[in-house]
Amino acid sequence: MAGAAWLVVAFPLLGALILLVGGKRTNAWGHLLGCATIAASFVYGLILFFSTTGQEEAARTSEVSLFSWIPVDQLQVDFGLRIDPLSITFLLLITGVGFLIHVYSIGYMAHEPGENDRRRFFGYFNLFVAAMLILVLGNGFVTLYLGWEGVGLASYLLIGWYTDRPSAATAAKKAFLMNRVGDVGLAIAIFIMFKVVGSTQYTAVFDGVANGAFSSGELVALTLLLLLGACGKSGQFPLQAWLPDAMEGPTPVSALIHAATMVTAGVYLIARSNPIYTASPDGRLVVVIIGAVTLVIGCVIGCAYDDIKKVLAYSTVSQIGYMILAVGLGPFGYALGIMHLLTHGFFKAGLFLGAGSVMHAMNDEVDMRKYGGLARIMPVTFVTFGLGYLALIGVPPFSGFFSKDAIIEAALGQDETWRAWVFGGAALLGAALTAFYMTRLVLMTFFGEKRWKDIKSSDGREFHPHESPSVMTIPMIVLAVGSVGAGAFFAIGDTFTEWLAPTVGVLEESHHHVIPHAVVPWLTVGLSLLGVLLAWLFVGRKRVPLSKPEPVPFPVRAARADLYGNHFNELLIARPGTWLTRALVYIDNKWVDGLVNGTAALLGGSSGRLRRAQTGFVRSYALSMLGGSILLIAALLAVRFA
Amino acid sequence: MSAVLAAAAAEVSTGEAIAFWVLGPVALAGALGMIFARNAVHSALWLVLTMLSLGVMYMVQQAPFLGFVQIIVYTGAVMMLFLFVLMLVGRDSSDSVVEVLRGQRLWATVLGIGIAGLIVGAVSRSLTDVPVENLQQQNAGGANVNNLGKSIFTEYLFPFELTSALLITAAMGAMVLGYLNRHEKGMKRTQKELVEARFRGEYERPSPLPGPGVFATANSVATPALLPDGSVAPESLSRLIDSTASETFSDEIKSVAGTEPGPDAHALTPSTKDTSTTDTKNTEDTEETR
Amino acid sequence: MTPTYYLLLSALLFSIGAVGVLVRRNAIVVFMCIELMLNAVNLTLVTFSRINGKLDGQVMAFFVMVVAAAEVVVGLAIIMSIFRTRRSASVDDSNLLKY
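As the structure is a prediction and not an experimental result, all values here were calculated from the model.

Reading guide: rules and limits
Here, residues in each chain are numbered from 1, in the same order as that chain's written sequence. For this description, chains carry letters from A and ligands carry numbers from 1, given in the order in which they are written. Whole-chain, interface and lining totals are the exception, using all residues; otherwise, since this is a predicted model, local features are given only for residues with pLDDT of at least 70 and side-chain atom pairs are given and counted only at 80 or more. In computing side-chain values, all of the structure's heavy atoms are included and hydrogens and water are not. Only runs of H or I of at least four residues qualify as helices and only runs of E of at least two qualify as strands under DSSP, and these elements are numbered from the N terminus. We call two residues contacting when some pair of their heavy atoms lies within 4.5 Å. Under the convention used here, a 1.4 Å probe and the Shrake-Rupley method define accessible areas, while residue burial counts only the protein chains that appear. Each residue gets one of three labels from its accessible area relative to the maximum for its type: buried under 20%, exposed over 50%, partly exposed in between, using a 1.4 Å probe on protein chains only. Charged residues are defined here as Lys and Arg on the positive side and Asp and Glu on the negative side; His and the ends of the chain fall outside this count. Throughout, a charge is located at the NZ atom of Lys, the CZ atom of Arg, the CG atom of Asp or the CD atom of Glu. UniProt positions are given in the numbering used here, feature names are shortened, and annotations may be inferred rather than shown by experiment. We call Phe, Tyr and Trp rings a pair once their centres come within 6.5 Å, taking the six-membered ring for Trp, and we label the pair stacked below 30 degrees between planes, edge-to-face above 60, and tilted otherwise. We call a charge positioned above a ring when the Lys NZ or Arg CZ atom is no farther than 6 Å from the ring centre and deviates by at most 35 degrees from the ring normal. Buried area adds together the accessible area that both of two parts lose upon being put together, with accessible area traced by a 1.4 Å probe. Only one rule defines a salt bridge in this text: a Lys or Arg side-chain nitrogen within 4 Å of an Asp or Glu carboxyl oxygen. As used in this structure description, the phrase polar contact means that two N or O atoms lie within 3.5 Å; if the pair is within protein, one of them must be able to donate a hydrogen and the other to accept it, and residues adjacent in sequence are counted only when both atoms belong to side chains. For this classification, the nonpolar set comprises Ala, Val, Leu, Ile, Met, Phe, Trp, Tyr, Cys and Pro, the charged set comprises Asp, Glu, Lys and Arg, and every other residue, Gly included, is treated as polar. As used here, the term nonpolar core means buried Ala, Val, Leu, Ile, Met, Phe, Trp, Tyr and Cys residues forming a set that is joined through side-chain atoms within 4.5 Å. Those domain boundaries reflect an automatic or database domain assignment. In this analysis, strands are considered paired if DSSP registers two or more bridges between them. Lines fitted to the C-alpha atoms define the axes, with helices restricted to the stretch that makes contact. Angles between their N-to-C directions range from 0 to 180 degrees. Reported orientations rely on four angle classes, namely roughly parallel under 35 degrees, roughly antiparallel over 145, roughly perpendicular from 65 to 115, and oblique for the rest.

(A) A look at the overall build of chain B. Summing up its helical and strand segments, chain B has 11 helices and zero strands in all. Look at the contacts in chain B between residues 6 or more apart in sequence, and 41% of them connect residues 24 or more apart. Counting every atom, chain B has about 19300 Å² of accessible surface; 64% of that belongs to carbon and sulfur.

Okay, here's the thing in structure tokens:
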């Protein structure tokens, strides 16, 4: 069954090829083809899944070698696919959620300016899915890197989808550049692997780790470099700034690429490299720190924004922080991180689609201060969004509760007490803050007075909110069902962790508890409810002003400025970079070019003066000839008689 | 015996010494005269003097064939060719005194003295006591020409053939450079073209110059033509014969015409002053009538 | 008196010829100066022939004369054609080939 697994990648790739090369001829049925290829991949993924579930643990992993990709002397890279529980999980997530969002896009993109462009959009979307599948299905780090860059390209193309907006172009560029920073880390990590074990295939590298081929220093370097790659792709501190800006793209793109799948590639990378991380506790500590910092940053900033997509984007940053924190816990958390990734994929995609539905109804307005009272007008959107919201803030029995609570428990269950307090505390704080900002979002959007009645949208139209067409609501309903049930389905009876065990190892249970095991879920839920209550006190009770309140205390100001993340980058990297570049340009212009140009000028100038000797008068030439002859004769005589 | 011969051979006879001390200064004088003479023809003649002296020196130095060739071919033919060309390009085109190139004369003199000093110094230093092998043996019985001929046609046959090629090439080159096809288009005008050119105004006047004419008292070219009013036609005055200026003949002309040149009987227009007044009057009249 | 004096005379004549080439502007006179230099060389060759007691020097002088004759013919033809187009025999007037 696994032998034909390349079909999974081939379908969307073929779709992208047809749609992008076919041009306008495919306009009429392009979106249908785009959905059909993903559906085909999804169906094949299901077949793969069911053909492996019943098997023994060892038999669940199989490798398919397709062709020799880069055969250069020592460097032998085979292009192959690795079918194991982890990759099948991702395969199903990507194609399943991807299919739903593709369907949703048919409706969402239908009214985009330039009807023809919907076909190109689906081409890019298929390209993204193909690249993402290569990323998760590849059997080596180079294959992963191919997919890694492929999704980066698709992300770039789709963030910059609205080519008439300078902000979209800037955001696309920013995403691309910050991703490159991370990619450099990943590339260097691959170089180190090749240097040490002479191969970049997963099996060879992990065997090398098991055999002790890597020194501890190399292992730490690998973990940090891979983490750098993960930070770039997943919007983790300090490379988190691009992800909120990426919301410039169409909402389905935000839902699929920048919430459900691509940004979780960093989590996948760390989970996939679990033998390396298991072998390096120091590296894992850094991962945990990064995850904890990011999750708090994301929550704090999320509280301050009024842009519905930005709030969701920072929510994504923070939730991925949870995942990174989880996988940083090592054997205690790999499976939990992946589980949260899956549930998050459902409910965050649903939330984004809901937000897209709201925007669709509100003339593409994203400012929540202009919303309000939409619950009655858009009941389906409200219900599905509300379910996603409950899942995200971790209300039992919705999916987010199971996955997030497990992570918080694992974080609190670390052996060293200070770690347990610090990281567990950060996770708990994050849970409370998440509840706060998400409640704020829901209250501002769906409840309260209809603030949009008296104003017009930025393009001068009046607001006439309406429920979205069924082609958009049905995917939202399906995702809402996932948001509700996925957590329980995965967590109860530990089915998911056992399913993943062949890839990431058996989930270890901590026996060290700073807070009693049974209290943690209550504590989490209690904190979340506290956040909800606070949000109601601050937002729900009062009238929401149409413009941002000013002045505000420092924490809010800082949060509105992304906690100065951009300033931080500007100050620490961009400015010195600019200065260095200027200095180099100066040196290049004045010294290097000066040397070259000076030589040229010297020759040119002296030639210009020597040229004057060419008077055109034969007698001058004869004079110099005679002078030369005299010198010659004098030299000869000097040699002869000296 | 041979030593005696060698010693005898090494000596230079008194007669030759006298000849050298006479001819050497003459040759030097000729050379200096050539470069100092302002007129090119004089330069050529000074050079002839130098060449003749050198020709005699060749004969004195046991090279009679070369001496005669020098006199006959060089002085006789080549220098005459020079003179021919000089006459062709204009013998009176003497050099101007002003030197246009700054420092040219000074440097030329300095370098000339320098090279002379270097060569003289080198020769006098290295060739003080050279044993002289005279050419009596080779030249015995007027065999100089014979031996030269043998040498040229045996040992130097190939260079000799090369010189023949060179001479032919030079002759061809001279012909190509010197040939001027006067019948080529644009070189010489036909009568028709000439007439058209005259009437287009490319020449000073459309008609030929006037001849002595019917009123002439003589048919000499020195006699100017007379116009119908008895005045001298200025075009008929020969530029070459300046002495026949009209002034010389003016009185004679008057007497011949029998009349002082007065107002022109055949003139169809009044004098310029009258013309202008009339014109003004006419214009005024026309204005008044209007 | 030794034949060396002929060589000294020849050196002087050669130098005078060289100076003449440099200072005279009439192309024909320049040519004559070159002839003088050639003649000076011929005198040297004849003198060497005598010093060495062989005729080879005279043969050389003979060839020099031949070459000089050819050179004079071509050179004068060139001067003629230049004069025909530029109405001038001055070497300074042909100075277009310059910077």
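(B) Examining the overall build of chain A more closely. A tally of regular secondary structure across chain A gives 24 helices and two strands. Each of the 642 residues in chain A was classed as buried or not, and the buried ones make up 55%. Across chain A, the fraction of contacts at a sequence separation of at least 24, relative to all contacts at a separation of at least 6, is 80%. Taken as a whole, chain A presents about 25800 Å² of accessible surface, with 68% of it coming from carbon and sulfur. Averaged over its 43 positive side-chain charges, chain A has a centre that lies 13 Å from the centre of its 40 negative ones.

(C) Structural context of the UniProt feature "domain: NADH:quinone oxidoreductase/Mrp antiporter transmembrane" (unreviewed entry) in chain A. UniProt's entry tags residues 141–425 of chain A with the feature "domain: NADH:quinone oxidoreductase/Mrp antiporter transmembrane" (unreviewed entry), counted in the numbering of this structure. Note that residues 141–425 of chain A is 76% helix and 0% strand, and that its end C-alpha atoms are spaced 35 Å apart.

(D) A look at the packing of aromatic side chains. Scanning the model with the defined rule gives 32 aromatic pairs over all chains in all. Note on Tyr156 of chain B and Phe63 of chain C: the rings are 6.2 Å apart at their centroids and 65° apart in plane angle, and the pair reads as edge-to-face. Residue Tyr156 of chain B is located in the loop between helix 7 (144–155) and helix 8 (157–178), and its partner Phe63 of chain C is located in helix 3 (residues 56–86); the two belong to separate chains. As far as the burial class goes, Tyr156 of chain B and Phe63 of chain C line up, both buried. Feature note: the residues Phe121, Phe122, Tyr124, Phe125 and Trp161 of chain A constitute an aromatic cluster, connected by ring pairs. Over the ring of Tyr162 of chain A we find Arg165 of chain A, and its NZ or CZ is 4.1 Å from the ring centre. If you follow Arg180 of chain A out to its NZ or CZ, it ends over the ring of Phe176 of chain A, 4.2 Å from the centre.

(E) Layout of the interface of chain B and chain A. Counting from both sides, the interface comprises 14 residues of chain B and, opposite them, 11 residues of chain A. Here chain B meets chain A over a buried area of about 1200 Å², counting both sides, of which 79% is carbon and sulfur. On the chain B side of the contact with chain A, Leu101, Leu111 and Leu118 of chain B bury the most area, a combined 42% of that side's loss. Between the two partners, chain B and chain A, sit zero salt bridges. Where chain B meets chain A, there are one residue pair in polar contact (both at pLDDT 80 or more). Each residue belonging to the side of chain B that touches chain A can be placed in one class, and the counts come to eight nonpolar, four polar and two charged.

(F) Main features of the pattern of salt bridges. All names here are of chain A. This structure, assessed with the given rule, holds 13 salt bridges over all chains. Two residues, Glu63 and Arg82, come together in a salt bridge whose shortest N-O distance is 2.7 Å. With Glu63 in strand 1 (residues 62–72) and Arg82 in strand 2 (residues 75–83), this residue pair connects regions lying 19 residues apart in the sequence. When its relative accessible area of 36% is taken as the criterion, Glu63 is described as partly exposed. Residue Arg82 is classed as buried on the basis of its relative accessible area of 13%. Each of Glu63, Arg82, Asp84 and Arg272 takes part in one network of salt bridges that share partners.

(G) Representation of the interface of chain B and chain C within the structure. Listed per partner, the contact involves 85 residues of chain B and 66 residues of chain C. Counting each side, the surface lost to burial between chain B and chain C is near 6900 Å², with a carbon and sulfur contribution of 75%. The interface formed by chain B and chain C holds one salt bridge in total. Among the salt bridges present, the one from Arg50 of chain C reaches Glu16 of chain B, with a minimum N-O distance of 2.7 Å.

(H) The nonpolar core, seen in detail. Counting 190 residues, the largest nonpolar core has Phe128, Met132, Leu135, Phe141, Leu226, Ile276 and Met438 of chain A as its most contacted members. Shared between two domains, this core takes at least three residues from each, and those domains are domain 1 (1–279) and domain 2 (288–560) of chain A. Setting aside chain neighbours within four positions, we find Phe141 of chain A in contact with Ile190, Met193, Thr200, Tyr202, Val205, Phe206, Leu226, Leu269, Ser273 and Ile276 of chain A. Core analysis: the second largest hydrophobic core is formed by 71 residues, Ala40, Val85 and Val89 of chain B together with Met65 of chain C among them.

(I) Region of interest: the pairing of strand 1 of chain A. Residue and element names in this part refer to chain A. Pairing of strand 1 with strand 2, which is carried by nine bridges, proceeds in the antiparallel orientation. Across the sheet, residue Phe67 finds its bridge partner in strand 2, namely Phe79. As consecutive antiparallel partners, strand 1 and strand 2 are separated by two residues, and within that stretch Asp73 has a phi angle of approximately 45°, a positive value.

(J) A look at the packing of helix 1 (residues 6–22) of chain A against helix 2 (residues 30–53) of chain A. Residues and elements named next belong to chain A. For the pair helix 1 and helix 2, the least separation of the axes is 8 Å and the interaxial angle reads 175°. On the basis of the axis angle, helix 1 is roughly antiparallel to helix 2. Residues Leu7, Val8, Phe11, Pro12, Gly15, Ile18 and Leu19 of helix 1 touch helix 2, and the partners they reach there are Gly30, Leu33, Gly34, Thr37, Ile38, Ala40, Ser41, Tyr44 and Leu48.

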